[in-house]
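One letter stands for each residue in the lines below.
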Amino acid sequence: MPEIARQIIQKAVQQKQYQLLEPQAKELIKAFGIPTTRHSLVYAVKEAILAANSIGYPVVMKVVSPDVLHKTDYGGVRLNVKNDDEVEYGYEEILKNVKKKAPDARITGILVEEMATPSTEVIIGGLRDPQFGPAVMFGIGGIFVEVYKDASFRIAPLDEFEAIDMINEIKGVKILKGFRGAEPLDIAALAQTIVHISDIMVSINEINEIDLNPVLVYSKGIKAVDVRIILSERIEGV
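Quick caveat: nothing in here was measured; it's all calculated off a predicted structure.

### What to know about the overall build of the protein chain
Then step 1. When you go through the protein chain residue by residue, the secondary structure sums to 8 helices and 10 strands.
Then step 2. Its C-alpha atoms give the protein chain a radius of gyration of 18 Å, within 12% of the compact-globule value 18 Å for 238 residues.
Then step 3. A principal-axis box enclosing the C-alpha atoms of the protein chain has dimensions of 50 × 45 × 35 Å.
Then step 4. The 238 residues of the protein chain split such that 47% are buried.
Then step 5. Only carbon and sulfur atoms are counted for the fraction: they give 51% of the accessible area of the protein chain, which is about 12,300 Å².

Written as structure tokens, this is what we have:
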């Protein structure tokens, strides 16, 4: 396990924090080689403006709080923020919305991150089954996985050949391979990401569930946009 991942898990366990905050989750997957959006956790409007300029407009702004899991429901997300004035307005608006809807919520800061270029969305997940142990899931994002239940599963650990089998197993693979003249997407990078999730589930016993949704797949490379990591409440230490 990379040292930074160990530190993130140790800190969460010591604080009895059973869902990692988004910046923690993104740093953990980054330590395992999974590309994610450039981001910065800030604590003041001036810091948010500096972060946005460093990352490059447009950016996304999100509240970071252990008490606000579904940020959009609380008005805790601003998309497509285009300039310094919009950062200032967005920062104040997020805090106002969250304090109004969840007055007792602990706000750790505001996450400023790049607004990733849209592309085909997939879901990659890991879970710890009581009977079979760590497992990995893959599916095309959007209605394909929700309506058609178009997903594949494997017991971890797995290698890139098995990951490619997982990808080829779903009906939506045609979209990834370039449906109706569209440019083929980077299946090799996708397979590597599935293997990295397998590695995370095998090497970090404290993780009960991990969800990368969505992962944007490009003609070259991938990018995990949203990351959710849940720890087991039965653990006592690392």
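### Some remarks on a negative patch on the surface
Then step 1. On the surface, Asp-84, Asp-85, Glu-86, Glu-88 and Glu-92 cluster together into a negatively charged patch.
Then step 2. As for its position among the elements, Glu-88 is in helix H4 (residues 84–101).

### Considering the layout of surface pockets
Then step 1. Of the pockets and cavities examined, the largest pocket occupies roughly 890 Å³.
Then step 2. Contributing to the lining of the largest pocket are 36 residues, with Glu-22, Lys-62, Lys-71, Asn-213 and Asp-226 lying nearest its centre.
Then step 3. Secondary-structure elements contributing two or more residues to the lining of the largest pocket are strand S2 (59–64), strand S3 (77–81), strand S4 (109–114), strand S8 (207–217) and strand S10 (227–231).

### Some words on unusual backbone geometry
Then step 1. In this chain, Ala-156 is followed by Pro-157 through a cis amide linkage whose omega measures 5 degrees.
Then step 2. Note on placement: Pro-157 falls in the loop between strand S7 (151–155) and helix H6 (160–169).
Then step 3. Positioned with a positive phi, Lys-16 is a non-glycine residue whose angle comes to about 55 degrees.
Then step 4. Here Lys-16 shows up in the loop between helix H1 (3–14) and helix H2 (22–31).

### Points about the sheet that holds S4
Then step 1. Within the open sheet, the 4 strands sit side by side as S1-S4-S2-S3. Their pairing is antiparallel. The outermost strands of the open sheet, each flanked by one partner alone, are strand S1 (39–42) and S3. Adjacent strand axes in the sheet meet at a mean angle of 20 degrees, parallel and antiparallel pairs treated alike.
Then step 2. Pairing geometry for S2 and S4, over 6 bridges, is antiparallel. The residue bridging Val-60 from the neighbouring strand is Glu-113, located in S4.
Then step 3. Its contacts with the sheet place H4 against S1, S2, S3 and S4, and it is angled at close to 165 degrees to S3.

### A closer look at the nonpolar core
Then step 1. Core analysis: the biggest nonpolar cluster contains 45 residues, and Leu-28, Phe-138, Ile-200, Ile-207, Leu-212 and Ile-229 have the highest contact counts within it.
Then step 2. By residue number, the principal contributor to this core is helix H8 (residues 187–203), which donates 9 residues.
Then step 3. Aside from chain neighbours lying at most four places away, what touches Leu-212 is Ile-29, Ile-34, Val-122, Ile-123, Ile-124, Thr-193, Ile-197, Ala-224, Asp-226 and Val-227.
Then step 4. Membership of the second largest hydrophobic core comes to 18 residues, among which are Val-42, Ala-51, Val-63 and Tyr-91.

### A look at the packing of H1 against H2
Then step 1. Relative to each other, H1 and H2 sit at 150 degrees, their axes nearing to 8 Å. Between H1 and H2, the interaxial angle falls into the category roughly antiparallel. Every pair of crossing elements has a handedness; the one defined by H1 and H2 is left-handed. Contact residues: Ile-4, Ala-5, Ile-8 and Ile-9 in H1; Gln-24, Glu-27, Leu-28 and Ala-31 in H2.
Then step 2. For the contact of H1 with H2, the class distribution of residues is 6 nonpolar, 1 polar and 1 charged.

### What to know about the packing of H6 against H8
In a pair of packed helices, the angle between the axes and the distance between the axes together describe the arrangement.
Then step 1. At their nearest, the axes of H6 and H8 sit 8 Å apart, and the two run at 110 degrees to each other. Classified by the angle their axes make, H6 and H8 are roughly perpendicular. At the point where H6 passes H8, the crossing takes the right-handed sense. Counted together, Glu-160, Ala-163, Ile-164, Met-166 and Ile-167 of H6 and Ile-187, Leu-190, Ala-191, Gln-192, Ile-194 and Val-195 of H8 form the full contact between these two elements.
Then step 2. A per-class count over the contact of H6 with H8 returns 9 nonpolar, 1 polar and 1 charged.

Thresholds applied
Residues numbered from 1 in each chain as written. Predicted model: local features only at pLDDT ≥ 70, side-chain atom pairs only at ≥ 80, totals over all residues. Heavy atoms only, no water. Helix = DSSP H or I, 4+ residues; strand = E, 2+ residues; numbered from the N terminus. Rg over C-alpha atoms; globule rule 2.2 N^0.38 Å. Buried < 20%, exposed > 50% of the residue type's maximum accessible area, 1.4 Å probe, protein only. Areas by Shrake-Rupley, 256 points an atom, 1.4 Å probe, with all protein chains shown as cover. Patch = residues over 30% accessible without salt bridge, like charges linked within 9 Å, V, L, I, M, F, W, Y side chains within 5 Å. Salt bridge = Lys/Arg side-chain N within 4 Å of Asp/Glu carboxyl O. Lys, Arg positive; Asp, Glu negative; His and termini not counted. Charge placed at Lys NZ, Arg CZ, Asp CG, Glu CD. 1 Å grid on protein atoms, 1.4 Å probe; cavity = no way out; pocket = protein on both sides within 12 Å on 5 of 7 lines; lining within 4 Å. Points joined across faces, edges and corners; volume = space filled by probe spheres on them. Pairing = 2+ DSSP bridges. Axes fitted to C-alpha atoms, helices over the stretch in contact; angles between N-to-C directions. Contact = heavy atoms within 4.5 Å. Core = buried A, V, L, I, M, F, W, Y, C linked by side-chain atoms within 4.5 Å. Parallel < 35°, antiparallel > 145°, perpendicular 65-115°, else oblique. Left-handed = near helix turned anticlockwise from the far one by under 90°. Nonpolar A, V, L, I, M, F, W, Y, C, P; charged D, E, K, R; others polar.

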